[in-house]
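Understanding the architecture of this molecule
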Amino acid sequence: MSGRGAVIRIVALAGWLRRQAALLAVLALLGTDTLAAGAPALGSPRDLSADAALAAQRGQPLLVLFSLPGCGYCDVVRRNYLLPLTREGAAQARPVVREVGLTATKPFTGPNQEASSGAALAARYQVRMAPTVLLLGADGALLAPALVGGDVAGMYGAYLDQALAQAQRKIAGL
């Protein structure tokens, strides 16, 4: 390949990369709660205060997944770890799990009955990365450290189990 051919290919690749980056930026700014087509969904929040109270009655935390559209790590956490929590065991013993878009602007009621959105909730809890899972008590307080990032080492299940156990102990007053 000649030097000129290599330069043309590099310039073309740079243009493609710029277009892809612009597309990703637009998707991030849309603030949508929409998931990839066909991806299983967790419940969207309407009233996190009521959700947290229901979870506390069950002796469980409210789990909130912060995600972004097209986030592969978010899909893995949602599908492999959080969705099973919503289906396994007796309904009265399950944690309540909700999903919000990290940059979403759709309004809902927050943990302390205040008006909120995904972006506002992320700012409140200083969530800057997707996926992030928070374990919250009835008062909106964090019951365990946030689970930040995806399952890259195959240890996510253990981290989630540990955080759930810590949150359950705090709810039980232990």
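Above this text you will find the structure in question.
Residues numbered from 1 in each chain as written. Predicted model: local features only at pLDDT ≥ 70, side-chain atom pairs only at ≥ 80, totals over all residues. Heavy atoms only, no water.

**A word on the pattern of salt bridges**
- Overall, the coordinates contain 4 salt bridges when judged by the stated rule.
- For R78, the salt bridge identified is with E99, shortest N-O distance 2.7 Å. Placement of the pair is R78 in helix α3 (residues 72–87) and E99 in strand β2 (residues 96–101), with a sequence separation of 21 residues.
- Taking relative accessible area as the criterion, R78 reaches 1% and is therefore assigned buried.
- Between R124 and E114 there is a salt bridge, and its shortest N-O distance comes to 2.8 Å. Here the residue R124 occupies a position in helix α4 (residues 118–124), and E114 occupies one in the loop between β3 (108–109) and β4 (115–116), the gap between them amounting to 10 residues.
- Residue R124 is classed as partly exposed on the basis of its relative accessible area, which comes to 36%.
- Among the residues examined, E114 registers a relative accessible area of 26% and is labelled partly exposed.
- What emerges from the salt-bridge pattern is a single network uniting D75, R78 and E99. (Salt bridge = Lys/Arg side-chain N within 4 Å of Asp/Glu carboxyl O. Helix = DSSP H or I, 4+ residues; strand = E, 2+ residues; numbered from the N terminus. Buried < 20%, exposed > 50% of the residue type's maximum accessible area, 1.4 Å probe, protein only.)

**Here we look at helix α5 (residues 156–172)**
- Over its 17 residues, α5 extends 24 Å from the first C-alpha to the last, a length consistent with the 24 Å expected when each residue adds 1.5 Å.
- Listing the buried residues of α5 in full gives Y156, L160, A163, L164 and A167. The buried side chains of α5 occupy one side of the element, clustering within an arc of 100 degrees when seen end-on. Exposed residues pointing more than 90 degrees away from the buried face of α5 are listed as D161, Q162 and A172.
- Where α5 is buried, its residues meet β1 (62–67), α3, β5 (132–136) and β6 (147–148). (Expected span 1.5 Å × (residues − 1). Arc of directions from axis to C-beta. Contact = heavy atoms within 4.5 Å.)

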